[in-house]
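# Per-entry structural report
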Amino acid sequence: MMFKEFTINRYRKTIQEYKGAGYIFTGVGDNTTNPKNIVMVHDVDHDISLCDNLLSVEESTGIVSTYFLRLHAKSYNMLSRNSISIAKRILQNGSNLGLHYEPTFKPSSMDWQEHINTELKILSAVVGQEIEYFNLHEPTRTGTCLSSILPSKNRCYNSPHFEGYKYLSDSSCRWREGCFSEHVGRWNQLLVLTHPIWWYNDCPAENY
């Protein structure tokens with residue numbers, strides 16, 4: 001893996017390449033008849049302020065994406081003024097928000113559906129707009145699979161909604177099948193997951 005794969009400039013150039021190849025960027029709830037479609041999602045695991053790096057590119061290139069936000073992150077507080085401000089900026093840009101659901105916080109007295117719906121309502125109240133969709137935080141480490149839970153709201157990578165999509169992810173700062181820049185034109189339907197913590201302007205030490 002080369003660090004240059006995670007520069008903001010690389011992200012911008014790759015977005016432009018996909019647009020030039022005829023891809024349409026859509027939200028996780030959108031339906032499209034375009035033959036080439038890419039759904040860009042961001043799991044905000046650690047630092048919500050780093051969304052600004054990716055969002056600045058998306059604003060300048062005119063695409064939409066979806067940012068999945070945690071309610072229980074140690075490193076950022078979704079009830080804080082700063083976090084709410086960033087979330088609202090994402091919405092104002094025309095992009096979407098989702099719940100990055102953390103299964104380890106589910107009380108034993110609640111089932112999956114009840115707890116997910118409760119947390120969706122909390123996030124909706126915080127940002128002042130209904131949040132409809134969720135995906136799962138660290139499914140491999142928690143050993144949790146919720147692919148069949150709440151299908152109308154479920155946007156996990158293995159949910160029925162993304163059947164037929166090629167899934168690419170930078171999880172753990174590693175593209176297992178090569179950077180998403182290497183896949184332009186190879187697939188008609190793409191789901192691309194990134195994590196803002198890995199993406200920087202000049203040096204990874206900017207972020208951590």
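Sequence positions are assigned chain by chain, starting from 1 and proceeding in written order. In keeping with the model being predicted, local features are shown solely for residues with a pLDDT of at least 70 and side-chain atom pairs are shown and tallied solely at 80 or more, while totals for entire chains, interfaces and linings include all residues. Note that the side-chain values use all heavy atoms of the structure and ignore hydrogens as well as water.

## Notes on the state of the cysteines
Between two cysteines, a covalent bond joining their sulfur atoms is known as a disulfide. Cysteine sulfur pairs qualify as disulfides if the two atoms are within 2.5 Å. This model, assessed by the stated rule, comprises 0 disulfides. Its sulfur unpaired, C145 is 7.6 Å from the next cysteine sulfur, which belongs to C156. What makes C145 exposed here is its relative accessible area of 54%. Left unpaired, C173 is separated from the closest cysteine sulfur, that of C179, by 11 Å. Throughout, exposure labels follow a simple rule: accessible area from a 1.4 Å probe, protein chains only, divided by the maximum for the residue type, with under 20% read as buried, over 50% as exposed, and the rest as partly exposed. Its relative accessible area of 12% is what places C173 among the buried residues.

## Structural notes on the nonpolar core
Take the buried residues of types Ala, Val, Leu, Ile, Met, Phe, Trp, Tyr and Cys, join any two whose side-chain atoms come within 4.5 Å, and each joined set is a nonpolar core. In this structure, Y67, L69, M78, L97 and F180 are the most contacted members of the largest nonpolar core, which totals 50 residues. In this view, Y67 contacts H42, V44, C51, L54, L55, E58, I90, N96, L97 and G98; residues no more than four positions away in its chain are not counted. Any two residues whose heavy atoms approach within 4.5 Å at even a single point are treated as in contact.

## Let's talk about the side chain of T194
The residue T194 is located in strand β7 (residues 189–194) in this model. Owing to a relative accessible area of 0%, T194 belongs among the buried residues under this scheme. Discounting chain neighbours no more than four positions away, the residues touching T194 are M40, V41, H42, D43, L54, D170, W175 and W199. For helices the rule is a DSSP run of H or I covering at least 4 residues; for strands it is a run of E covering at least 2, with both sets numbered from the N terminus onward.

## A few points about the packing of aromatic side chains
Side-chain rings of Phe, Tyr and Trp (the six-membered ring for Trp) are treated as a pair once their centres are within 6.5 Å; stacked means planes under 30 degrees apart, edge-to-face means over 60, and tilted covers the remaining angles. Under the criterion given, the structure shown has 13 aromatic pairs. Between the aromatic rings of Y101 and F134, the centroid separation amounts to 6.4 Å while the plane-to-plane angle is 75°, which identifies the pairing as edge-to-face. Here Y101, found in strand β4 (residues 96–101), pairs with F134, found in strand β5 (residues 134–136); they are 33 residues apart in sequence, far enough to count as distant. Classification of F134 by relative accessible area gives buried; the value is 0%. By the ring-pair criterion, three or more aromatic residues cluster together here, those being F6, Y11, Y18, Y23, F25, W175, F180 and W199. The ring of W112 has K106 lying over it, and the distance from NZ or CZ to the ring centre is 5.1 Å. A ring is scored as having a charge over it whenever the NZ atom of a lysine or the CZ atom of an arginine sits within 6 Å of its centre and within 35 degrees of its normal.

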